[in-house]
Every structure is written in C-alpha cells, then in structure tokens.
Amino acid sequence: MTDTLTATASYTDRHGASHALPDAAGDAQVRADDRAHVFHSWSAQALIDPLPVAAGEGSTFWDYQGNAYLDFSSQLVNLNLGHQHPDLVAAIQQQAGRLATIQPSMASDVRGELARRIAEVAPGDLDKVFFTNGGADANEYAVRMARQVTGRRKVLSMYRSYHGSTATAISLTGDPRRWANEPSDGSVAHFFGPYEYRSAWGSTSPEEETARALAHLEQVIVLEGASTIAAIILETVVGTNGVLVPPPGYLQGVRELADRYGIVYIADEVMVGFGRIGEWFAVNHFGVTPDLITFAKGVNSGYVPLGGVVISQRIAAHFDTVAFPGGLTYSGHPLACAAGVATFEVFERDGILERVRDLGERVVAPRLAELQAKHPSVGDVRGLGLFWAIELVKNRETREPLVPFNASGADAAPMGAFAAACKQNGVSPFVHFNRTHVAPPLVITEDELVRGLDVIDEALTVADGYTA
Ligand SMILES: Cc1ncc(COP(=O)(O)O)c(C=O)c1O
C-alpha cells in the first residue's frame, strides 16, 4: 500500500467505542462470526474469504489491517454519494427520531416528497412511483404491471443483461446467473442487443449495428408472436454485462417497435439511474420515454434498501379503478425515502450531474483512450459519465477475450492477477469476465480519480503479460 492510501488511523465500533487501526482482534472477531454464520450471495461458502471492512468515508474504505481502498466500483455500483455522506446520514438519523416506519397504505411526507421529486426528473408523462425494497422486485412489479395492462404474458429481454435474482427477474437475466435457476418464470424469451465491439451481425458502423439489432428484435417479436408479448425490458446502458452504450437511434427504434406491436417498454435503470452517466435517468441522455422505469441503488446510495417503478400515466390509469395486485410491507420505507430526498438535495446543491459529465469527458475518456493505445491487453474502452468498461483481450487482432466467457478458477487467473495488482496498490476494482469497469462514487475527487486510473494503468501491465 502507498502511504497516501493508509490515511485513517481509527474506526468506531457498534458500541461507539473508538479503536486504532490496525486491529488484529477486531479483524479476527469479524472473520470468525462471518465465516461461522453468514451465508453469502452467489458463492460456494467454503471457498470465499470476505474482507472485513472497518470504516468508510467518501470514495475510500478501510480494512482492519489499516489498508485503504479507493472504491472503483462504488460497492455494487450503488454507492453514488460515497460512504458516510453527512447529509444522508443526518436525514436517516432525523427520520429515525421522528417516525421510523409507517405501513404503505398510509401516506407519509418523505415518501410523497421523494415520489414527487422522482416524477419531476422522469421523462414524458411518467409521474407515479411504486416503491420496492430493491432492484429485482422493481423489475418483478414492472413486469406484473405490463402483464396486467396488456393481458399478455411473455417478456423479451436481452442476452448480456442482469435484472435481479428473484423469480421473474432472474428469468429475465441474460447471463450465467440464470442457468442454475431455470426454469423459473417460463414466459421469457431473449434477444441480442447491440454490442459494437462484438457485433452479433458483423456490423462495421454504429448505424449498421442499430439497423441490424432492430431488425433482429423485430424478427424475434414476430416469431415469438407479438400478440403474446407484454413487455420488452432492457438496461438503458447495459451494466454488469459490459457497459454497453446503445448506438444512436437504437432506443428510439425499440420505442417504435414497442408502440407498433402494443408492447410495454420497461427501462431497467437500477444501475444507471441517479447520476451514473450524468443524468437523473439514463433515458434522458438518449431522448426516449419508456412506459416504465425501474430504479434502486443510486436513489439513496443504498444506505437503506429502496427501489421502485416510475409509471406512465397510461399504465397508472389502468389501476385507477382496478386494484393493483401486489404490495410490500416496506414499500416506501420512511428511512429509505428520507435518504432519497436528501440525495436529491445533495445532487442539486453540489451539481453532481454536471460534475459526472465533466469528469467523464475531461478525465476518464482521454485517459482510457491513452490506456488503450498503450496496453496490448486493452481491446476496447467505452462508457459515459462515471461508468466505463475496459475490455481485455489476449490478442487485439482476433479480439479473443483475455479469459473465456464465465471463466472461473484457473481459467480466470489473468483477471485475478489484474485485480490483485489493483488491490495491492489501494484500488478495489470491479471485475467481470474479461472486463474491468470504472464506476467510482460520483463524489470522487479529481485527484482520487486520477490516482485510481494510475493504479489501473499499472495493473494493466500485469494483464499485458497474458497477451499473445
Ligand atoms: C440493471 C440491474 N437490474 C436489477 C438489479 C437487481 O437489483 P437488486 O440487487 O437491488 O435486487 C441489478 C443489480 O445489480 C442491476 O444491475
């Protein structure tokens, strides 16, 4: 670790007592409890070694050894305002002191204010919000709304997508996390989305990719039976599966196809909403208006679990006199909503959207272009705002991925070595298959951002060693 990355000297335990770092006893206790009793997501339990985290502030967190990590993945791309943002912490504390919970069939000031704020920044006539506990259930409810309104059942979603881990959401998912969960919701069909670097149709320009991806989607609609399709769901910018930015005209084309065939267009903005690409909602950047937008994560940086569906007037109107068949005990939880309202205040006061666009264009884009020119392992770089992918290859001519699709164990070693080099130098990277993503908190300072990119630059030298 470099000296500048080991800044904090202490942490506060849950009884309020302060401890110096490093703290071997604290580390051992957390590890012991975790290994004995915590069952972790997506893991073979005996094969993992979760890092005990003692403290976090802004874009940095510390382990009990006193090592500092600059968080280049914002935890799970949710920590948009960084750790321990004073305004969010105060909002939660204040709400806990006045009304810690209230059930969803009653009206709450913070729930109403957050819904109004969201409606104000949502595109078109999307002006009602159904609140959920997170992203997966937001997608579940969006699909349920589409099915109720259309009287149809099937949903189309993309290969190379993630929509959550509950029954319908995992069925919608177009990555290997779905495989062990099949069959679940049987009424889902997948299609290919645009991916310029690895075009499914051999396109040679963004325009061609748009045209071919839309022709393919229309074929899927026709062959699956337009009259059976309730919804098309897609991530506005595909997140975990590659930061795939849609080429010009693609989302407009999806909108047109949805209209032509009477299909509900659901934009999954769980990862990209709330500032990640420098807009409240990513669809605003592309100038399209879906029928439903799902969100979670950045709405309150995940300080308290919260997600939701933003609903167009047409779909909301269907439920004016017909009861919506769904609900959650914690829908619109006041602690979560208070943190959401505070998020709006911070974004507006501190010009978060503007700074994300500025840092993306002025700092990240040129630096990644430089890394691509310098490192033979870098096949492609792409992104917007503070959301970028560096796609690593064995060979730039053949574009063979540095590690195979869905690699694990020894096959994934090159990416493991890259990640280890990042951590060694104080950066916690996002690594998925043959990519690393640059997705730091939106409050990251320019100095921190440059320092993190320097570390990635150095770690790419390790990846270069695996090229052929
Ligand atoms: C695009 C997208 N949709 C849905 C989800 C699921 O959200 P959650 O984990 O809150 O259920 C995620 C989570 O990473 C996501 O990235």
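Bear in mind that the values here come from a model prediction, so they are computed numbers and not experimental data. (Residues numbered from 1 in each chain as written. Predicted model: local features only at pLDDT ≥ 70, side-chain atom pairs only at ≥ 80, totals over all residues. Heavy atoms only, no water.)

Chemist: Explain the site of the ligand here, please?
Modeler: The ligand sits among G134, G135, A136, N139, Y162, H163, G164, E235, D268, V270, M271 and K297. Note that an oxygen atom of the ligand is positioned 2.8 Å from one of the backbone N or O atoms of A136. In the model, an oxygen atom of the ligand is placed 2.9 Å from a nitrogen or oxygen of the K297 side chain. The fraction of the free accessible surface of the ligand (390 Å²) that becomes covered by protein chains is 79%. Sort the elements by how many residues they give to the shell around the ligand and helix α5 (residues 135-150) lands first, with three residues. (Near = heavy atom within 4 Å. Polar contact = N/O pair within 3.5 Å; in protein donor to acceptor, adjacent residues only side chain to side chain. Areas by Shrake-Rupley, 256 points an atom, 1.4 Å probe, with all protein chains shown as cover. Helix = DSSP H or I, 4+ residues; strand = E, 2+ residues; numbered from the N terminus.)

Chemist: Would you take a moment to explain the sheet that holds strand β3 (residues 53-57) for this structure?
Modeler: An order of β3-β4-β5-β16 is seen for the four strands of this open sheet, with the pairing classed as mixed. The sheet is open, and its two edges are formed by β3 and β16 (427-428), each paired on a single side. One ladder, built from three bridges, connects strand β4 (residues 60-63) with strand β5 (residues 68-71); its direction is antiparallel. Counterpart to F61 in the pairing with β5 is Y69. Strands β4, β5 and β16 of the sheet are contacted by helix α14 (residues 446-464), whose axis makes an angle of about 100° with β5. (Pairing = 2+ DSSP bridges. Contact = heavy atoms within 4.5 Å. Axes fitted to C-alpha atoms, helices over the stretch in contact; angles between N-to-C directions.)

Chemist: Quick question: what am I supposed to make of the environment of A369 here?
Modeler: In this fold, A369 is placed in helix α12 (residues 352-374). The partly exposed category is assigned to A369, whose relative accessible area is 41%. Between the C-alpha atoms of A369 and A468, which are 99 residues apart in sequence, the distance is 21 Å. (Buried < 20%, exposed > 50% of the residue type's maximum accessible area, 1.4 Å probe, protein only.)

Chemist: Teacher, can you tell me more about helix α11 (residues 334-350) here?
Modeler: An α-helical segment advances 3.6 residues per turn. Residues three or four places apart therefore align on the same side. With 17 residues, α11 ought to run about 24 Å at 1.5 Å a step, and its terminal C-alpha atoms sit 24 Å apart, in line with that. Within α11, 13 of the 17 residues are buried, which leaves it mostly tucked inside the rest of the structure. (Expected span 1.5 Å × (residues − 1).)

Chemist: Would you mind going over the pairing of β4 with me for this structure?
Modeler: Put simply, side chains in a regular strand alternate between the two faces of the sheet. Here β4 shows no split at all, with T60 and W62 on one side and F61 and D63 on the other all buried. Examined bridge by bridge, β3 and β4 share four bridges and lie antiparallel to one another. Looking at β4, one finds that V53 is bridged to D63. Once β4 ends, the chain turns through four residues before running back antiparallel as β5, passing G66 with a positive phi of about 90°.

Chemist: Please explain the side chain of R435 as it appears in this structure.
Modeler: Position of R435 relative to the elements: it lies in strand β18 (residues 435-438). We note that R435 is buried and unpaired, the nearest opposite charge coming from E391 at a distance of 4.8 Å. Only 2.9 Å separates the side chain of R435 from the backbone oxygen of T240, close enough to count as a polar contact. Setting aside residues up to four positions removed in sequence, R435 forms contacts with T240, N241, G242, R382, A389, I390, E391, M415 and F430. (Lys, Arg positive; Asp, Glu negative; His and termini not counted. Salt bridge = Lys/Arg side-chain N within 4 Å of Asp/Glu carboxyl O.)

Chemist: Just to check I follow, could you spell out the domain arrangement of the chain for this structure?
Modeler: Accessible area lost upon the coming together of the parts is a frequently used measure of interface size. The domain architecture assigned to the chain consists of domain 1 (3-84 + 352-464) and domain 2 (87-349). For domain 1 and domain 2, the distance between their C-alpha centres works out to 26 Å. Between domain 1 and domain 2, the contact holds 41 residues from the first and 40 residues from the second. Between the two partners, domain 1 and domain 2, sit two salt bridges. Here E391 and R198 are joined by a salt bridge, their closest N and O atoms 2.7 Å apart. Viewed at the interface, domain 2 and domain 1 are joined by 21 residue pairs in polar contact (both at pLDDT 80 or more). Taken together, the residues that form the side of domain 1 that touches domain 2 break down as 22 nonpolar, 13 polar and six charged. (Domains from an automatic or database assignment. Nonpolar A, V, L, I, M, F, W, Y, C, P; charged D, E, K, R; others polar.)

Chemist: In this structure, what is going on with the packing of helix α3 (residues 86-98) against α11? I would like to understand it.
Modeler: If you want to describe how two helices pack, look at the angle between their axes and the distance between the axes. As a packed pair, α3 and α11 sit with axes 8 Å apart at the nearest point and diverge in direction by 145°. As for the relative orientation of α3 and α11, their crossing is right-handed in sense. Of the residues in α11, those in contact with D87, L88, A91, I92, Q95 and A96 of α3 are P334, L335, A338, A339, A342, T343, V346 and R349. Looking at the contact of α3 with α11, its residues break down into ten nonpolar, two polar and two charged. (Left-handed = near helix turned anticlockwise from the far one by under 90°.)

Chemist: I would appreciate a short explanation of unusual backbone geometry in the present structure.
Modeler: A negative phi angle characterises most non-glycine residues, just as the trans form characterises most peptide bonds. With omega at 0°, the peptide bond leading from L21 into P22 counts as cis. Following the sequence through the fold, P22 ends up in the loop between β2 (18-20) and α1 (24-37). For the bond running from E182 to P183, omega is -10°, close enough to zero to count as cis. Structurally, the position occupied by P183 is in the loop between α6 (167-172) and β8 (188-191). Backbone geometry places N406, a non-glycine residue, at a positive phi of 60°.

Chemist: What is the right way to read the environment of L172 from this model?
Modeler: Its location among the elements puts L172 in helix α6. Looking at L172, the relative accessible area reads 0%, which means it is buried. Apart from the residues within four sequence positions on either side, L172 is in contact with V143, V155, S157, M158, S161, H163, V188, H190 and I233.

Chemist: How should I be thinking about the side chain of D464 in this particular structure?
Modeler: On the secondary structure map, D464 appears in helix α14. Within the buried core, D464 has no salt-bridge partner, and the shortest N-O distance to an opposite charge, that of R396, equals 7.4 Å. Look past the residues within four positions of D464 in its chain and what remains in contact with it is H375, P376 and S377.

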